[in-house]
Amino acid sequence: MNLVRLRNFAAHKPVRVALFFLVFGFLVSFPFWASRYWVDVGFYVGLYALLGLGLNVILGEVGLFNLGHAAFWAIGAYTTAILNVRFGLPTLALLPISALVAAGCAWLVSSPIIHLRGDYLCIVTIALGEIVRLVLINNPGGLTGGPNGVVGIARPAFLGHVIRTPMDFYFLVWAVVAVCALALRQLQRSRIGRAWNYIREDEIAAESMGVDVRALKLLAFVLGAALAGLAGNIFAAKMRMVSPDSFTFMESCLMFCIVLLGGMGSVPGTIVGAALVVLFPEVFRPVAQYRLLFFGLALAATMYFRPGGLWPRRRAVEFLVERPGR
Amino acid sequence: MRAFICGLVLVAVSAWAQPILIGFQGPLTGPWAVEGDWALKSVQIAVEIVNARGGILGRPIQLVVEDDGGTPKGGTLAAQKLIAAGVKFVVGTYGSMVCMPSSELYEEEGVLHINYGCTRVDLSARGFGYYFRTSGRDDSQARFFVEYVIPLFGAKRIAVMHDNTAYALGVAEDVLRYLKPLLDAGEVQLVYYDAIMPGERDHTPALTALRDANPDIWYYTGYYPEWALLLRQGKDLGLDWKKIKAVGSNACPISETVKIAGLDAVVGAMITQEPLPAFLVEKYPLAKEFVAAYEAKFGPIHDSPWATYAADAIFTLAFAIEATKSLDPAVVARYLRSGKVVGEGITGPLSFSPEGDRLGVPYMLLICDEKGESARFDPAVHGHLVGL
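Owing to the predicted nature of the structure, the values given are computational and were not obtained by experimental measurement.

A few points about the interface of chain B and chain A
And step 1. Contacts between the two partners involve 20 residues from chain B, matched on the other side by 25 residues from chain A.
And step 2. Those elements giving two or more residues to the side of chain B that touches chain A turn out to be α3 (72-84), α4 (96-109) and α6 (166-184) of chain B.
And step 3. For the side of chain B that touches chain A, the leading source of residues is α3(B), giving eight residues.

Next comes the structure, spelled out in structure tokens:
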């Protein structure tokens, strides 16, 4: 009950504005007082937030079980790597191109499977993730470099400023996250967002009310993949190499965890989930051998005590609790 | 003035007592956690030995340990953590693709980085000034297989199997490269060359194809979990290691393989291997001291060469810092690059090429004997196990 009271308190506009500036100020000032290591951790929180936001569109908004999201991340990363290393295109200019290629691939592969529901779609997406990884390993046309990957990706440059330090990358990734998060919030309140949620809650009802289920599901897949493509570009630029070991099934599971932990369909929740998934293993570094054990326990505990996620979408609560006047 | 002198003395005294930080980066979690654990224990023993002898420049070594989980991302985080801790010398890591982004960070920060378990050839071709490795490279092992193992058995029909990981594919391709003159001359035949899927449980299709190819010798260049399954399922399929000489890569430690596959499937199987500590004790006094100290603290010595190389990285640093009387990584790196023998470690004389590669890494052929122990292959003793 206290949480509901807290939520109602946070719903007051001045409180929300203050909270927003507090978080914003923290995120902007963070790299100036934190160590390089923590800035890098902050970078990975941003990267996984971006991946989580992408999956959140598919899994959270529309309720499509996608356990192969790492595939689109890999496609984005390899697009950047191949176009930069073999054709010399600037890395930052490849940011939108990586998103487009990932989105295109998502459209191609999800078109025939989009009518599948629940577990069936889940199985197909697992296979999809593995197929992409194996294709990369098999080095088609000598492009992906096989298991050795592609190395020597150029550092991105923005208006003559070369992005190289952890702080540069931190701002790059969080700028992209901020833009995407704002856009997704707007999308949630739009006709498309409401239609997505309708499909998630009751697909048959949605269809009978004239919602174009197939087109909207495809749109979610394509949009989610595009965000993963963005993350792939930034990841490739940061590591300066890509190899298939980075895009394992485990990564897809982590993204799934991010969305479930944060709360399905919740943008701030996804970012909180990403922070948890990245921070937890890092905080438990001193007990190196057991840190994954603690991570698993924390996941189980969160799901037990907060089954709706840490920061669930508010809309669901609005029906249940009478809100004090603003 | 007096205060100044007092201050100087204080600084000198505190510098005397202050330990030298040496970082260790390795896979303490993840798929290669066994290797990471062995390497860490070996490094700890090496540090104890150096400290017992009075440390480096009279100062003790203090280890700063970071786990990289065996992933490229984990590697960068571990490297950042070590750099943030103010470490100027780092020993690590296992796995070439993990090493690549981390070593770039070390290079940028001017941290001397000695690698112990990454054998990808082009790691040392990046023109780095602070990168070294105490292990060999992929192609040294392949060369040993082609130029020593194949003639030893007079094998004519060769089978090569890998698992498409960076490491296994590298070795397999190098085998082909060294094999090419023999193939062109028609002296040997390559009857099987294919990959299996790591993580898969059933390798019967690959083994059936292998049996049909009827090779004299079969070289598997991947890691031990698959190697153990291959041997077990091959045995169940009726393959005979007396007819097909089964040779695994150096990533297939015999003790681990026996644990998974059972002794009966592994007897007679061989591996190409950097010298293991157990076989080095006869030759090098430091190896003897190291093995004794390790067994006193942690029990029986591991049979991973990589962990031994990790310990040798500590000795390399100790010798080089002592010789240059400098804690400046740039000075120490320049000294290491000169190609001089900096000292005798566990695995023999330690010297490096200007690119940072270890000079002169010897190999040997090990066999799993009837007791399931690793033994240096001796045709007179073990000939009956491989049908000689």
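That covers the picture; the talk isn't over yet.
Quick notes on the domain arrangement of chain B
Residues and elements named next belong to chain B.
And step 1. In terms of domains, chain B is made up of domain 1 (2-136 + 280-350) and domain 2 (139-273 + 364-386).
And step 2. Here the C-alpha centroids of domain 1 and domain 2 sit 32 Å apart.
And step 3. If you look at the interface, domain 1 gives ten residues, while domain 2 gives 13 residues.
And step 4. Here the side of domain 1 that touches domain 2 is built from residues that sort into four nonpolar, four polar and two charged.

Overview of the packing of helix α5 (residues 94-110) of chain A against helix α10 (residues 213-239) of chain A
Residue and element names in this part refer to chain A.
And step 1. Contact geometry for α5 and α10: axes closest at 7 Å, N-to-C directions at 145 degrees. Relative to α10, the crossing made by α5 is right-handed. Two secondary-structure elements touch here, α5 through L94, L95, S98, A99, V101, A102, A103, C105, A106, W107 and S110 and α10 through L218, F221, V222, A225, A226, A228, G229, L230, G232 and N233.
And step 2. Grouping the amino acids of the contact of α5 with α10 by side-chain chemistry returns 16 nonpolar, five polar and no charged.

Side note on helix α4 (residues 69-87) of chain A
Residues and elements named next belong to chain A.
And step 1. A rise of 1.5 Å per residue sets the reference length of α4, with its 19 residues, at 27 Å; its end C-alpha atoms lie 27 Å apart and thus fit the reference within 8%.
And step 2. Judged by how many residues are buried, α4 sits mostly within the fold: 17 of 19 residues are covered.
And step 3. Downstream of α4 by one or two residues, G88 has phi in the positive range, about 70 degrees.

Considering the packing of helix α5 (residues 138-153) of chain B against α6(B)
Residues and elements named next belong to chain B.
And step 1. Running from N to C, α5 and α6 cross one another at 45 degrees; their axes reach a closest spacing of 8 Å. If you check the angle between α5 and α6, you find them oblique. Viewed along their axes, α5 and α6 form a crossing whose handedness is right-handed. Facing D138, D139, Q141, A142, R143, F145, V146 and E147 of α5, the residues of α6 in contact are G170, V171, D174, V175, Y178 and L179.
And step 2. Counted by class, the contact of α5 with α6 contains seven nonpolar, two polar and five charged residues.

Thoughts on unusual backbone geometry
Residues and elements named next belong to chain B.
And step 1. Cis geometry is found at the peptide bond from G92 to T93, where omega equals 10 degrees.
And step 2. By secondary structure assignment, the location of T93 is in the loop between β3 (89-91) and α4.
And step 3. One non-glycine residue, N214, adopts positive backbone phi at about 55 degrees.
And step 4. With respect to the element layout, N214 can be found in the loop between α7 (204-213) and β8 (217-220).
And step 5. Phi is positive for K325, close to 50 degrees, though the residue is something other than glycine.
And step 6. Structurally, the position occupied by K325 is in the loop between α13 (305-324) and α14 (329-337).

Procedures and definitions
Residues numbered from 1 in each chain as written. Chains lettered and ligands numbered in written order. Predicted model: local features only at pLDDT ≥ 70, side-chain atom pairs only at ≥ 80, totals over all residues. Contact = placed C-beta atoms within 7 Å. Helix = DSSP H or I, 4+ residues; strand = E, 2+ residues; numbered from the N terminus. Domains from an automatic or database assignment. Nonpolar A, V, L, I, M, F, W, Y, C, P; charged D, E, K, R; others polar. Axes fitted to C-alpha atoms, helices over the stretch in contact; angles between N-to-C directions. Left-handed = near helix turned anticlockwise from the far one by under 90°. Expected span 1.5 Å × (residues − 1). Buried ≥ 20, exposed ≤ 12 C-beta atoms within 10 Å, placed from the backbone. Parallel < 35°, antiparallel > 145°, perpendicular 65-115°, else oblique.

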